[in-house]
Amino acid sequence: MTSPADPPNGAGASGPGLKLLAVTACPTGIAHTYMAAEKLAQAAESLGHSMKVETQGSIGAENVLSDNDVSRADGVIIAADKDVDRSRFIGKRVLVVGVADGIHRPERLIEQVRNAPVYQGDGREAQRGAASAASASGGGKGRSVTYKALMNGVSYMIPFVVVGGLLIAVSLALGGDTTSKGIVIPDDSFWKTVNDIGSIGFQLMIPALSGYIAYAIADRPALVPGMVGGWIAAHGELYDSEAGAGFIGAIVTGFLAGYLVLWIKRVKVPKFVQPIMPIIVIPIVATSALGLFFIYVLGEPISWVFERLTDWLGGLTGTSAALLGIILGLMIAFDMGGPVNKTAFLFGAGLVSKNPEVMGACAAAIPVPPLGQGLATLLRRRMFDDQERETGLAALFMGFFGITEGAIPFAAARPARVIPANMLGGAVAGAIAGVASVEDNVPHGGPIVAVLGAVGGVPMFFVAVVGGTAVTALVTIGLMSVGGGGRGSDADADADPAGAAEVAEAVSLAPSPAGAPVLAGVGSGGATGAASGAVADSSAKAASVSAAEPRDGGKAEAEAAQEAEVAPEAEAAPEGDAADQVLSGYLSEQTVKERLAADGKDAAIREMAELLATTGKVADTAELVRAAFAREDQGTTGLGEEIAIPHAKTDAVTAPVVGFARSPEGIEWGAPDGTKARLVFMIAVPEAAAGDEHLRILALLSRKLMGAEFRERLLGAADVGAILGVLGEIE
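Reading the values: the criteria
Residues numbered from 1 in each chain as written. Predicted model: local features only at pLDDT ≥ 70, side-chain atom pairs only at ≥ 80, totals over all residues. Heavy atoms only, no water. Helix = DSSP H or I, 4+ residues; strand = E, 2+ residues; numbered from the N terminus. Contact = heavy atoms within 4.5 Å. pLDDT = per-residue confidence, 0-100. Core = buried A, V, L, I, M, F, W, Y, C linked by side-chain atoms within 4.5 Å. Buried < 20%, exposed > 50% of the residue type's maximum accessible area, 1.4 Å probe, protein only. Pairing = 2+ DSSP bridges. Phe/Tyr/Trp six-rings, centres within 6.5 Å; stacked < 30°, edge-to-face > 60°. Axes fitted to C-alpha atoms, helices over the stretch in contact; angles between N-to-C directions. Parallel < 35°, antiparallel > 145°, perpendicular 65-115°, else oblique. Left-handed = near helix turned anticlockwise from the far one by under 90°. Nonpolar A, V, L, I, M, F, W, Y, C, P; charged D, E, K, R; others polar.

Q: In this structure, what is going on with the side chain of Ser-663? I would like to understand it.
A: For Ser-663, the position within the fold is in strand β16 (residues 657–667). The residues touching Ser-663, leaving out its near neighbours within four places in the chain, are Leu-596, Ala-677 and Arg-678.

Q: Please clarify how the confidence of the model for the chain should be interpreted in this entry.
A: Averaged over all residues, the pLDDT of the chain is 76; the fraction at 70 or higher stands at 76%. For the stretch residues 9–15, pLDDT sits under 50, and the model shows 11 contacts to residues farther than four places along the chain or on other chains. Note that pLDDT drops below 50 for residues 487–579; the model gives that stretch 382 contacts with residues more than four away or on any other chain.

Q: What should I look at first to understand the nonpolar core in this one?
A: Most often, soluble globular proteins keep nonpolar side chains buried together rather than apart. If you look at the biggest cluster of nonpolar residues, it comprises 73 residues, and the most contacted ones within it are Leu-209, Ile-213, Phe-247, Val-449 and Phe-461. Looking at this core element by element, the count peaks at 12 residues for helix α6 (residues 144–175). In contact with Phe-461, other than residues within four places in its own chain, are Ala-363, Ala-364, Val-438, Gly-446, Pro-447, Val-449, Ala-450 and Val-455. One finds Val-99, Val-582, Ile-645 and Leu-701 within the second-largest nonpolar core, a separate group that totals 30 residues.

Q: Looking at this structure, I do not really get unusual backbone geometry. What am I missing?
A: Glycine aside, a negative phi is what most residues show, and trans is what most peptide bonds show. At Asn-63, a residue that is not glycine, the phi angle is positive and equals roughly 55°. Topologically, Asn-63 is positioned in the loop between β3 (60–62) and α2 (67–72). On the accessibility criterion, Asn-63 (24% relative accessible area) is partly exposed. Of note, Glu-642 is a non-glycine position whose phi angle comes to about 65°, a positive value. Turning to its location among the elements, Glu-642 is positioned in the loop between β13 (638–640) and β14 (643–644).

Q: How should I be thinking about the pairing of strand β17 (residues 677–685) in this particular structure?
A: Strand residues, when the strand is regular, have side chains that alternate between the two faces of the sheet. By the criterion of burial, β17 is predominantly enclosed, with 8 of the 9 residues buried. In terms of strand pairing, strand β15 (residues 647–649) meets β17 through 3 bridges, oriented parallel. For Lys-649, the partnering residue across the bridge sits in β17 and is Val-685. Across 7 bridges, β16 lies against β17 in antiparallel orientation. Looking across to β17, one finds that Ile-667 is bridged to Ala-677.

Q: Before we go on, may I ask you to explain the pairing of strand β5 (residues 94–97) in this structure?
A: Burial of β5 is two-sided: the residues Val-94 and Val-96 facing one way and the residues Leu-95 and Val-97 facing the other way are all buried. Pairing of strand β4 (residues 75–80) with β5, which is carried by 4 bridges, proceeds in the parallel orientation. By the bridge assignment for β5, Ile-77 is matched with Leu-95.

Q: I tried to follow helix α13 (residues 356–365) on my own but got confused; where do I start?
A: Owing to its 3.6 residues per turn, the α-helix brings residues three or four apart onto one side. Among the 10 residues of α13, 9 are classified as buried, and the element is accordingly described as predominantly covered. Here α13 has its buried residues at Pro-356, Val-358, Met-359, Gly-360, Ala-361, Cys-362, Ala-363, Ala-364 and Ala-365. Residues of α13 that are buried sit in contact with α11 (321–335), α12 (339–350), α14 (368–379), α17 (415–435), β8 (439–440) and α19 (458–482).

Q: Explain the packing of aromatic side chains here, please?
A: Given two aromatic rings, their pairing is described by the distance between the two centres and the angle made by the two planes. Inspection of the entire model under this criterion finds 9 aromatic pairs. Measuring from ring centre to ring centre gives 5.6 Å for Phe-461 and Phe-462, while their planes differ by 80°; the resulting arrangement is edge-to-face. Owing to a relative accessible area of 30%, Phe-462 belongs among the partly exposed residues under this scheme. An aromatic cluster is built from Tyr-156, Tyr-212 and Tyr-215, whose rings are joined through pairwise contacts.

Q: Help me understand the packing of α11 against α12 in this model?
A: The description of two helices packed together rests on the angle between their axes and the distance between the axes. Two elements in contact, α11 and α12, have axes whose closest approach is 6 Å; the angle formed by their N-to-C orientations is 135°. One element, α11, and the other, α12, form an angle in the oblique class. Here the hand of the crossing between α11 and α12 comes out left-handed. Where α11 abuts α12, its residues Leu-328, Met-331, Ile-332, Phe-334 and Asp-335 lie against Pro-339, Val-340, Asn-341, Thr-343, Ala-344, Phe-345 and Phe-347. For the contact of α11 with α12, a count of residues per class yields 9 nonpolar, 2 polar and 1 charged.

Set out below in structure tokens:
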């Protein structure tokens, strides 16, 4: 029996071709988005089908699919690594795959969509289709869904951590008084209000982490259960515990909420109930079930652990000061605001008047996690993306004021590396403070208490803090190096990216692994909105193509949104023959080299940077090279098809500039298809540039590079003039 969604018999063979639709999107919105669009459109044309492709890029949704398009479609391919709204495709055959599949296996996807499940609106069939497509194409990696969800939660949590932490820190610094109860702000003070606002931000960070993990797994119906579950996890009084479960509890509730909602979605209900399922039934049932489960099942063990740890620590009083300091340091740094941390802190605070040395060990360990992670982002900037480096600066500030939670974004993103590093640093700080009998006379920690005169043995207190901070930073860097560098290759994340989007700086080119299915809710919820930055020709409108996306994992849209603001306006073309300038003057005869001398990627990047420097637009060549290397650490810029586009967003350049060179023998660039790079473009734009003209240029460049005939002519061009002539076709 033929389904209403089935294509016409013989379509694409002897009969008329299929009417297909596609949506492409990546977290950055410049890279794979347009490449996949172009490849799918080309494959459909070669197979005798018609295809309209909607691109959800950083400059908005382009070539948007209309209701008429959807009603006439025989099938829909969604090649995306972020959330795409599928509600408009109910009743159609929908195949959901990673954006890399759209680039590397377009013909196979077109064949698979003929037999794809019909999307019923609950996400079940489309997800099953994604899984089967991933299996057929070699499969995504097993932890990709988990990692994407975790990174989605972290990306939404970071603003709460930064805003809340900094407001609390500023209010303590400017309005706090040192008392026997700690650093206290008078109730009638203006700074008390500021502190309260910051405290609200801090209270919301755990629900935000949990809620957006759940949202990434099961879309909007899971948001409320996830956030309420996170709130319950953070408030131990709801399950008779003096400490909440902290960020670890939030991760647990986030995944529980997400998968609980997915399970509820599988329950078949009458048609008249279906419209209210996502807005009433699912949120109420999931929120109630999760909340009751956490309070009555998980809450009791958490409370029990808190009490047992407190009793155990009480038994250690009077033993070796170094041993007690090590144990307290390990506990303080373990879960940063969770039950283990709170047990150690409250134990020390309770002994302030009788044995201030115990609180002294706690006070030295409290700032170590945020200070250590912040220091790591300064020592090895190449290992961290832009958002992490900014969070690192905020963590340093929070660490000074004794706000351990400043390290939570790092621990949540890569727990297997960061938590052990934090604990080692905390143990070192606690041990040094314990041996030196450092005293803290107020229940608070961090350098601020020493500055305000509440610490006895100030020199050794700072030795302990500095020693612990250095250990945490160095161990973090070491563990990340062993695991392959920054977040893009973190062992906690062997899957697709969700962050480090170098979007507007140029084209971001690290490909995501093949076959990884898209995850509902990851990203901004599927950018739709008016198209902007219209492309010059109509074919670019139909399927604009850019370069590839970075491999970085977790916080993509926040970075994409941030970096989409920095695209430079078109520079006025320099004086000279217009024929010697292409890409709106960004690339000229000066920045074209017929043959690269380098035979390795690093050497090629240095050589390209020196080529760009000949324009006078590079103020610091070494810094440009460093920035380009940092981008490579996040994921290769080897596009495949013998193309590489290293790029950097840095104030080492004073204006946007593009260079091009060829390597006849090819350079190993780590491309996904295994090809060596023979066509190398380098793009550099200033940090503070504005506008989106270069996004249009880069989309056109990438679209052209997808054409084999164009690449062959570029490789075969006889001299620089001929090369410029070929590249001049882009405009």
